[in-house]
Amino acid sequence: MRLRRAFIAFLLAVGLVGAAVAAPFRIAVVMPSATTDMAFSQSMWSALMIIQKEMGGPSALEIKYTDNMYNVPDAAAAIRDYASQGFDIVIAHGSQYGSSVQEIATDFPQTTFAWGTDVNTFGLPNVYAYTAAAEQGGFVNGVLAAKLTKSRKIGVTGPVEVGDAKTYIDGFVQGVMSVNKGITVSKTWTGSFSDVALMTAAAKTHIANGADVLTGSSQSVVGSIGAAQDNGHVMWFGTQADQASLAPNLVVCSQVYDWTGMLREIIAQHKAGVLGGKTYVLTLENKGLKMAFNPSYRLPGFAKAAAERAIKGIVDGSIKVQP
Amino acid sequence: MKGLISLDVISGIIHTMIGLATPFLYAAIGETFAQSSGVVNLGVDGIMLLSAFAAFYVSLVSGSLALGLLAAAVVGLLMGLLMSLVSVTLKAEQGVSGIGLYMFGLGMSSLLFKVLIGTVKTIDGFKPLPIPFLSDIPVVGKMLFRTNILVYCAFLLVPLAWWVLNKTTLGLKIKAVGQAPAAADSLGISVNGIRYLSVCIGSVLAGIAGASLSISLLNLFQDNLTAGQGFIAVALVYFGGWSPVGVLGGALLFSIVNSFQLWMQVLGAKIPSNIAVMLPYLLTIVALTISVNRARQPAALNKPFERGES
Amino acid sequence: MSANARSDGAARTGRVEMRNIVKCFPGVRANSQVCFDIDPGEVHALLGENGAGKSTLMRQLYGMYQPDEGEILIDGRRLVFRSPADAIRAGIGMIHQHFMLVPTLTVAQNVALGQPSARAPLVDIKGVTERIETLAQEYGLKVDPRAYVWQLSVGEQQRVEILKALYRGAGLIILDEPTAVLTPQEVKDLFETLRRMVAEGHSLIFISHKLYEVMAISDRVTVLRDGKVIGTKLTREVTRDELVKMMVGREVKEVEARPLTPGPVRLRIRGLSAMGDRGTEALKDIDLDIRSGEIVGLAGVSGNGQRELAECLAGMRRPLAGTISAGGRDIGAASLNERVDAGMAYIPEERMRDGAIREFSVQENVFLHDRTKAPFARGIFLNFAKMRSHAAALVRDFSVKTASLDTPIKNLSGGNIQKLIMARELSRKPMVLVAAQPTRGVDIGATDYIHQRLLEQRESGTAILLVSEDLDEIRALSDRIAVMYEGRIIGIVERGEASVEQIGLMMAGVAMSDAMKG
Ligand SMILES: Nc1ncnc2c1ncn2[C@@H]1O[C@H](COP(=O)(O)OP(=O)(O)O)[C@@H](O)[C@H]1O
Ligand SMILES: [Mg+2]
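Residues numbered from 1 in each chain as written. Chains lettered and ligands numbered in written order. Predicted model: local features only at pLDDT ≥ 70, side-chain atom pairs only at ≥ 80, totals over all residues. Heavy atoms only, no water.

Draft legend 1. Broad picture of the overall build of chain B. Along chain B, the regular secondary structure elements total twelve helices and zero strands. Shown N-terminal to C-terminal, the secondary structure of chain B runs as helices and strands in the order α-α-α-α-α-α-α-α-α-α-α-α. Radius of gyration (C-alpha) of chain B: 20 Å, near the 19 Å computed for a compact globule of 310 residues. In terms of its C-alpha atoms, chain B occupies a principal-axis envelope of roughly 70 × 45 × 40 Å. Counting every position in chain B, which comprises 310 residues, the buried fraction comes to 56%. Counted over contacts in chain B with a minimum sequence separation of 6, partners at least 24 positions apart contribute 78%. (Helix = DSSP H or I, 4+ residues; strand = E, 2+ residues; numbered from the N terminus. Rg over C-alpha atoms; globule rule 2.2 N^0.38 Å. Buried < 20%, exposed > 50% of the residue type's maximum accessible area, 1.4 Å probe, protein only. Contact = heavy atoms within 4.5 Å.)

Structure below.
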């Protein structure tokens, strides 16, 4: 009997492995910028890579992607393609893809769609929405920045004043003000996600005006790096991805979006037959948001302590950050 | 807010403007050569992209900025030869071949970037090179004479291009070929030869424009680094009435408006940001409509040359 | 064989021979087995109707086209010209029918273009200017080296073309229809220059339709017809009539207008003023009546308002003041269509710009005005069968030479395009016809034909305004001649009342009363 049971278990195991080999779990992702953008798209891409490794490599989790889909109709076509190819989960990684997801998801009720950053699942049972409480990390970065600035001038740069770029900056300003109301925070918006030359000029303008701390939505980091090349005494605070490797002597701390927890849960739910209907919000508390201190930046103890107090306060609810 | 128009601010605005204008100058002066000979090269942006990548990658790998610059020029030259082959020898519609060249440059630079580098990296680009004495002049020195070699060269290019186009036998031939190719041909001038040369001059300069972004001003490469600057450069040629001095005016105007709006934002002037960023483009369109002097447009612009058609 | 622009004294080119030249274009044998030669110091005229192949032959001599067959020899040595550069090096220059100048450059720059410079890489403007001034002095070619070409009159532009050839040291100069665009005075000046060139030892190939010019200037004459040489004669041994017969293939007699009593006034112009292209007043207070069955010739040196007057009548230019009435109907502000309805027809000066659409077929060009009218259209539909038979009839009646009704009009010769435009305009049986330079650049056969048609039209009662710079044409056809000077009609003379000289004086601005005294 025992032998038989063991034998059946063995067969089952072989069968399962075999099934896994024959039909890996399949995820497709459509992104507005490059997987290597050191920011929004890369944050999702890195998370997927980690999940793939956890699950046992490409044979267990097949991942397909289409990046640089800044044109929404093209993105919609890609999303529909992946859904019709029978992917288990299709991730539409951009807040501009909402209406496309809403339309396509009704045509493919067996497929899970996840999209963000937004909170709206459109009441569809096969759509997940996800977003990040970017103001939380923004607040922490703001506290740090306020502690470190000598000129008491801080520059904020970004492409356009919307989405998590805006909530991040709102949180950042609250953080700065919580430390010192006398610090000037000035903002520039360039109007373009890709115009690096203008972003650089914006950062240089802040520096020329006396700013010694810069932050902004993640795309702007490249511009600030360019600007800081001429002037080494500038600090940068990042968001979305860990930007320390870009400029080890410039980046102090980054708020990192970690989508792995969310991805694990969505995959498990899908396997259990739940295809959507929920909104995920990354927070410091659920560890979807992490503060990545740049190890090669010599951060003074008092500043680090203040940052950690802020994190603790946000997590335990004693500090409220307005989004 | 306080002291919006202080001396420091003005000098800051001008300094920012000079940096912004540099790639436009290379690209638009180059395009002036191509268009003066009768070829509209809409592929400037693509050339800038692939050359920016080449300059960046070669500098990164070899550690030599000079080699990077050379690589950009070579890439520009090769793309110029391709453009000439398609639009001059094969007489394809110039607008279409230019857009094709742009798509090629955009796609190729993105692909190579992914394969060869993969992620955003930075390098040490050309360092500021203060000019002795001049850079010590108060205000002006800081404003104009503490920037890097590629920026100085961009501004020196203006009188040089003016001189070539207006004073030399080559310039005379280029203009003749653009205005009256049949006349040039009847004097034994090789119309296609001059067009190849002009397009290639323009493309090499577009290549250097790309390099000025990736190894002198921004010191990095990423997808679609130019963000359409090459197309603005083409518009500046019309704006400048096909003259290097006009192009300089256009490039400075476009850049100073940009630089001005950035400074106003930094200083906290109460202009909605989306209006502020629209300003340069709005101004360009308005200025284009007002200023374009069709009379100076090369008469054979966009027309392939065929002997015997009158 | 000198290409050295600086060598003083005239350049000479040896005996040039073209042997058995064959040149084909798609569907046309433009030259077949043509033999042509020219001796040093000779003026050899090349005569032939439009499309006879004269320009094609000369373009091969100038290296612009390569012959399909045959060879070119200079002093017995066979040469192959791959481009004009080769021909220039061999001492050949060409003044093209359509000038080859860069309008945005100065005279000196045009002359220097493509030539080695003494101050390379700079253009040696000073040196070139001096050289131009010397040449201009020597050959009587008055022109300002510093002026931009677009500022120059047609005659001046031609002088620049000649200077270009001389500057390049051309010993043999080809002049392709050089007089077609000139005023009588300018033709006289040109001939003076040509004579000086011959005296300096240049050889000239002179292409023209105008027989008296050929008779006046050439030593020998070769006639081409349909790409073939009909004959080569010593000029002093042939008569005008013989040449015409060789050219056209039949006898052509001078047209003569039968005396007619004009009918009622059909076109009445009162106090007409208008601006010119340069924003100055080009027409000043014009009064003119034209009666049914009358041709009024409008004479004048080009640029004195003739073109603007014709354009005002055609509705292509807005008058500033004054009235125009056709058959009693005021058409001063009427649209083009309304003018057509009022019985106006217009043969434009720039026939390829205003009279036809280059890329359109012969048939389509016939229907530029009448597309939407019965019997060719019903509602929005066109009746192609009707259109085709009408177009075919016009092509036949006006003997337009074209490969087919579907040939793009740009492939037709100037004379045939003009005939087609005439056919189109006259087929509407107009009450008033404005014909601007109807025979400019048109060959003898077609000119004769057009003249006859105009006279027929006169006899059928049309009021005709004939604008022409060809005084002979005006004098042969007009019942009255109105002379324009600086935007005004300076005088009107009856047929036969004034001599060429008297009209010439009025064209130069001399008041009629003074001119008629002389
Ligand atoms: N480039 C060309 N392509 C095709 N046909 C041509 C071309 N040039 C001339 N032809 C044709 O060759 C014939 C001779 O033309 P051309 O030499 O210009 O005559 P001409 O100068 O005697 O008026 C005409 O039928 C003309 O239509
Ligand atoms: Mg001809």
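The structure having been displayed, the exposition proceeds.
Draft legend 2. Just the environment of Y238 of chain B, in detail. Structurally, Y238 of chain B can be placed in helix α10 (residues 229–239). Counting along the chain gives 53 residues from Y238 of chain B to S291 of chain B, while the straight-line C-alpha distance between them is 8.7 Å.

Draft legend 3. Geometry of the interface of chain B and chain A. In this assembly, 33 residues from chain B lie in contact with 30 residues from chain A. In total, about 2700 Å² of surface goes out of reach between chain B and chain A, with carbon and sulfur atoms giving 58% of it. Here chain B and chain A share one salt bridge between them. Across the salt bridge formed by D67 of chain A and K114 of chain B, the nearest N and O atoms sit 3.5 Å from each other. For the interface between chain B and chain A, the tally reads four residue pairs in polar contact (both at pLDDT 80 or more). Where the side of chain B that touches chain A is concerned, the elements lending two or more residues are α1 (7–36), α4 (94–117), α9 (191–217), α11 (244–266) and α12 (273–291) of chain B. Here the side of chain B that touches chain A takes five residues from α11 of chain B, the largest share from any one element. Here the side of chain B that touches chain A is composed, by residue class, of 16 nonpolar, 13 polar and four charged. (Buried area = accessible area lost by both parts, 1.4 Å probe. Salt bridge = Lys/Arg side-chain N within 4 Å of Asp/Glu carboxyl O. Polar contact = N/O pair within 3.5 Å; in protein donor to acceptor, adjacent residues only side chain to side chain. Nonpolar A, V, L, I, M, F, W, Y, C, P; charged D, E, K, R; others polar.)

Draft legend 4. Fine view of the sheet that holds strand β15 (residues 329–330) of chain C. Residue and element names in this part refer to chain C. The sheet built from four strands is open, its strands ordered β12-β11-β14-β15 with antiparallel pairing. Among the strands making up the open sheet, the edge pair consists of β12 (281–291) and β15. Two strands pair when backbone bridges link them, and strand β11 (residues 265–275) and strand β14 (residues 321–326) are joined in this way by five bridges, in the antiparallel orientation. Looking at β14, one finds that S273 is bridged to A321. Contacts between helix α9 (residues 306–314) and the sheet are confined to β11, β12 and β14, with β11 contributing the most and set at about 120° to the helix. (Pairing = 2+ DSSP bridges. Axes fitted to C-alpha atoms, helices over the stretch in contact; angles between N-to-C directions.)

Draft legend 5. Empty space enclosed by the protein, seen in detail. By the definition in use, this model includes six cavities of 30 Å³ or more. The computed volume of the largest cavity comes to approximately 100 Å³. Every residue lining the largest cavity is listed: D195, A197 and L198 of chain A together with L20, F24, A227, Q229, I232, F254, S255, N258 and Y281 of chain B. Among the elements that line the lining of the largest cavity, the one with the most residues is α11 of chain B, at three residues. Of the residues contributing to the lining of the largest cavity, the split by class is eight nonpolar, three polar and one charged. (1 Å grid on protein atoms, 1.4 Å probe; cavity = no way out; pocket = protein on both sides within 12 Å on 5 of 7 lines; lining within 4 Å. Points joined across faces, edges and corners; volume = space filled by probe spheres on them.)

Draft legend 6. Structural view of the interface of chain B and chain C. In this complex, chain B contributes 21 residues to the contact, which on the side of chain C involves 30 residues. For the pair chain B and chain C, the summed buried surface comes to about 2000 Å²; carbon and sulfur atoms form 68% of the total. Looking at the side of chain B facing chain C, the largest losses of area belong to L172, L187 and R307 of chain B, adding up to 32% of the total buried there. The interface formed by chain B and chain C holds zero salt bridges in total. In this structure, the connection of chain B to chain C is made through four residue pairs in polar contact (both at pLDDT 80 or more). Elements with a contribution of two residues or more to the side of chain B that touches chain C: α6 (149–167), α7 (169–179) and α8 (181–186) of chain B. Looking at the side of chain B that touches chain C element by element, the count peaks at six residues for α7 of chain B. Residue composition of the side of chain B that touches chain C, by class: eight nonpolar, eight polar and five charged.

Draft legend 7. The sheet that holds strand β5 (residues 77–79) of chain C, seen in detail. Residue and element names in this part refer to chain C. Read across the open sheet, the four strands follow the order β2-β1-β4-β5; overall the sheet is antiparallel. Of all the strands in the sheet, just β2 (28–38) and β5 have a single pairing partner and so form its edges. Averaged over all pairs of adjacent strands, the angle between strand axes in this sheet comes to 30°, irrespective of strand direction. The sheet contacts of helix α1 (residues 54–61) involve β1 (16–25), β2 and β4 (69–74), and relative to β1 the element is tilted by about 120°.

Draft legend 8. Highlighting α10 of chain B. Of all eleven residues in α10 of chain B, nine are buried; the element is thus mostly enclosed. Those residues of α10 of chain B that fall on the buried side of the exposure criterion are Q229, G230, I232, A233, V234, L236, V237, Y238 and F239 of chain B. Its buried side turned inward, α10 of chain B meets α7 (196–208) of chain A together with α1, α2 (44–62), α9, α11 and α12 of chain B. Downstream of α10 of chain B by one or two residues, G241 of chain B has phi in the positive range, about 60°.

Draft legend 9. Looking closely at the nonpolar core. L225 of chain B together with M58, L61, F81, I92, I173 and L194 of chain C are the most contacted members of the largest nonpolar core, which totals 180 residues. Residue contributions to this core peak at eleven residues, all from α9 of chain B. Not counting residues up to four positions away in its chain, the partners in contact with I173 of chain C are G93, I95, A165, L166, M197, H202, S203, L204 and I205 of chain C. I91, V143, V185 and A310 of chain A belong to the second-largest nonpolar core, a separate cluster that totals 58 residues. (Core = buried A, V, L, I, M, F, W, Y, C linked by side-chain atoms within 4.5 Å.)

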